[in-house]
Amino acid sequence: MDAAPGTRHHTRTRPPETPPEATDPAIMDALVIRGGKPLQGRVLISGAKNAALPVMAATLLTPGVHTLRNVPLLRDTRTMADVLEKLGARIELGARACRIDTTNITSVEAPYDLVRTMRASIYVLGPLLARYGNARVSLPGGCAWGPRPVNLHLEGLKAMGAALEIDHGYIVGREVRLKGASFNFDVVSVGATAQLMMAAVRATGRTVLDNVALEPDITVLGDVLNRCGARISGLGTRRLVIEGVRELEPIDTTIIPDRIEAQTFLAAAAITGGSITLESCDPGDMAAAIQKLEETGCEILADANEVTITGPRRPHAVDVTTAPFPGFPTDMQAQMMALCSVADGTSVITDTIYLDRFTHVPELGRLGARIELKGNTAVVRGVERLSGAPVMATDIRASAALVLAALIAEGETRISRIYHLDRGYEALDQKLIKLGASIERIRE
Ligand code: EPZ
């Protein structure tokens, strides 16, 4: 374990953190979309946000210069870079590669004003405890659609010997020496799996994690850590066995393509009746969604790292129930609802991961969708056509759903608060324009 970083105040070359909405003019951006054009052409899928964020946090485990290629340039990866800089890391977040130097960490505090803008900031907790035995990380708040508990993160770390306290909204660990433990996740959790895997690789002894998440983001994180000298076995299964090691090499990796961005483009071709080819994506990471889209009438051809989709004149209604990977992803629930809103029948969409992830429903309703919510199930009665109207984005995937609906709605749709979209997608509007969509980004 490294000596705890000094309490040297971080010399700030930038104004003190204030939430993006107060300093970033782009926060008032809106998209104006004129619907009706089938998408045509090829689109390059960016690196995966949800794979990049834990790997960025994992650079804290080891002093040195880490190289991460294909990190998507979007609001959330910039926020994670801000958090790491706040801890003392030196970062170059470039278009092709991200270099992170975590040699001189000067603080173990991840402040509320950053963590509240992106809950994945909590990923720094495990690595800080593993490397320094000390951490002070703000509890993330809820999010647009409701509470997002972190009890599994805390219970797992406590099982590994971290006596954590909650002090004025912060998770505090002092003089912690992580040791191997057995822990079973009573709910499959992507974030908690990543958190405990990162904590365990430098703990003393063996850790056994049961009922872990199988998302590619987890497998990738484990592979990256193993290439740095970690000893994780069982990747791709529900049980991970991790032998703690004392040293790790710096990370040097290329982030995998973003399967959720890719599936969002598949849904965009489906809803517009277009025909597009996705470059640099892994169809194996999207099997559930590809099957569902074929049921709506899409024709999909997939090879090792490209997928070509041709949408139907009008999609058939389908029933969708989200589940942990490899099931249908909750991060595609909103986009699928947009597609089903113009289907030739009634679709039943159930989210079993987040029971209240439906902030997109009233906004889709403003465009003419007929959706009835019953608990965590939406009954979607397909309509012939949607009509453009002003709507408001509320979270990353709800924004994407509104963009998809606007691509097919008659007339003009204005989507405000598009910073939600910019949190999770790299230049989605620009990529759609290249596929023939009529989209203008304006500043309200
Ligand atoms: C990750 O969030 C993703 N975010 C989410 O994507 C995604 O929706 C989610 O996994 C589910 O697949 C990132 O990877 C950065 P969870 P995470 O822990 O890790 C419950 C997007 O749009 N739970 O897998 O926060 C939780 O309430 C984002 O890119 C606990 O009860 O999600 C949920 O019901 C949105 N206690 C279920 O587990 C905990 O301690 C799955 O959540 C943690 C989670």
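Residues numbered from 1 in each chain as written. Predicted model: local features only at pLDDT ≥ 70, side-chain atom pairs only at ≥ 80, totals over all residues. Heavy atoms only, no water.

Participant: I would appreciate a short explanation of the sheet that holds strand S12 (residues 231–233) in the present structure.
Facilitator: Taken in spatial order, the 4 strands line up as S10-S11-S13-S12 in an open sheet, and their pairing is mixed. Taken across any chain shown, the strands that pair with only one partner, and hence form the sheet edges, are strand S10 (182–184) and S12. With strand direction ignored, the average angle separating the axes of adjacent strands in the sheet is 15°. (Pairing = 2+ DSSP bridges. Helix = DSSP H or I, 4+ residues; strand = E, 2+ residues; numbered from the N terminus. Axes fitted to C-alpha atoms, helices over the stretch in contact; angles between N-to-C directions.)

Participant: Even after reading the chapter, I still don't get the packing of aromatic side chains, so can you show me in this structure?
Facilitator: How two aromatic rings sit relative to each other is given by the distance of their centres and the angle of their planes. Overall, the coordinates contain 1 aromatic pair when judged by the stated rule. Consider the rings of Phe183 and Phe185, whose centres lie 5.1 Å apart with planes at 85°: the pair is edge-to-face. A relative accessible area of 12% places Phe183 in the buried class. The aromatic ring of Tyr170 is capped on one face by Arg136, whose charged end is 4.4 Å from the ring centroid. (Phe/Tyr/Trp six-rings, centres within 6.5 Å; stacked < 30°, edge-to-face > 60°. Buried < 20%, exposed > 50% of the residue type's maximum accessible area, 1.4 Å probe, protein only. Lys NZ or Arg CZ within 6 Å of the ring centre and 35° of its normal.)

Participant: Could you clarify how one ought to interpret the site of the ligand in this entry?
Facilitator: Lining the immediate environment of the ligand, one finds 22 residues, of which Asn151, Ser189, Gly191, Asp331 and Ile353 sit closest. Note that an oxygen atom of the ligand is positioned 3.4 Å from one of the backbone N or O atoms of Pro149. Within the contact set of the ligand, an oxygen atom lies 2.7 Å away from a backbone nitrogen or oxygen of Gly191. For the ligand, whose accessible area on its own is 820 Å², the fraction buried by protein is 86%. Counting residues per element, the shell around the ligand draws most heavily on helix H6 (residues 151–159), which supplies 3 residues. Its residues assigned to classes, the shell around the ligand shows 10 nonpolar, 6 polar and 6 charged. When residues of the shell around the ligand are sorted by domain, at least three fall in each of domain 1 (25–45 + 257–443) and domain 2 (49–254). (Near = heavy atom within 4 Å. Polar contact = N/O pair within 3.5 Å; in protein donor to acceptor, adjacent residues only side chain to side chain. Areas by Shrake-Rupley, 256 points an atom, 1.4 Å probe, with all protein chains shown as cover. Nonpolar A, V, L, I, M, F, W, Y, C, P; charged D, E, K, R; others polar. Domains from an automatic or database assignment.)

Participant: I'm lost on the packing of helix H11 (residues 333–340) against helix H13 (residues 396–408) in this one. Help?
Facilitator: A pair of packed helices is characterised by two quantities: the angle between their axes and the separation of those axes. It is the contact of H11 with H13, at a shortest axis distance of 7 Å, that shows an interaxial angle of 20°. One finds that H11 runs roughly parallel with respect to H13. When you trace H11 past H13, the crossing you get is right-handed. Of the residues in H13, those in contact with Ala334, Gln335 and Ala338 of H11 are Arg397, Ala398, Ala400, Ala401, Leu404 and Ala405. Its residues assigned to classes, the contact of H11 with H13 comprises 7 nonpolar, 1 polar and 1 charged. (Parallel < 35°, antiparallel > 145°, perpendicular 65-115°, else oblique. Left-handed = near helix turned anticlockwise from the far one by under 90°. Contact = heavy atoms within 4.5 Å.)

Participant: Is there a simple way to think about the sheet that holds strand S18 (residues 320–321) in this case?
Facilitator: Backbone-to-backbone hydrogen bonds join strands into a sheet, with any given pair of strands oriented parallel or antiparallel. Taken in spatial order, the 4 strands line up as S18-S19-S21-S20 in an open sheet, and their pairing is mixed. The outermost strands of the open sheet, each flanked by one partner alone, are S18 and strand S20 (370–374). In terms of strand pairing, S18 meets strand S19 (residues 346–350) through 2 bridges, oriented parallel. Its bridge partner lying in S19, Val320 is registered against Ile349. Strand contacts of H11: S18, S19, S20 and strand S21 (377–381), with the helix running at about 170° to S19, the strand carrying the most contacts.

Participant: What's the story with the side chain of Asp395 in this structure? I'm lost.
Facilitator: Within the secondary structure, Asp395 is located in the loop between strand S22 (390–392) and H13. Within the structure, the side chain of Asp395 is placed 3.1 Å from the side chain of Thr359, a separation counted as a polar contact. Within the local environment of Asp395, its side chain forms a polar contact with the backbone nitrogen of Arg397, the two atoms lying 3.1 Å apart. Aside from chain neighbours lying at most four places away, what touches Asp395 is Ala144, Trp145, Thr359 and His420.

Participant: When you look at the domain arrangement of the protein chain in this model, what are you seeing that I'm missing?
Facilitator: By a widely used convention, the size of an interface equals the accessible area lost when the partners come together. If you check the domain split of the protein chain, you get domain 1 (25–45 + 257–443) and domain 2 (49–254). The centre of domain 1, based on its C-alpha atoms, is set 30 Å off from the matching centre of domain 2. Between domain 1 and domain 2, the buried area comes to about 1800 Å², and carbon and sulfur atoms account for 50% of it. In terms of surface lost to domain 2, no three residues of domain 1 exceed Phe325, Arg423 and Glu426, which account for 32% of the buried area on that side. Here domain 1 is connected to domain 2 by 2 salt bridges. Residue Arg423 is joined to Asp76 by a salt bridge in which the shortest nitrogen-to-oxygen separation is 2.7 Å. Of all the elements in the fold, those that place two or more residues in the side of domain 1 that touches domain 2 are H13 and helix H14 (419–424). At 4 residues, H14 tops the list of elements feeding residues into the side of domain 1 that touches domain 2. Tallied by class, the residues present in the side of domain 1 that touches domain 2 amount to 8 nonpolar, 3 polar and 11 charged. (Buried area = accessible area lost by both parts, 1.4 Å probe. Salt bridge = Lys/Arg side-chain N within 4 Å of Asp/Glu carboxyl O.)

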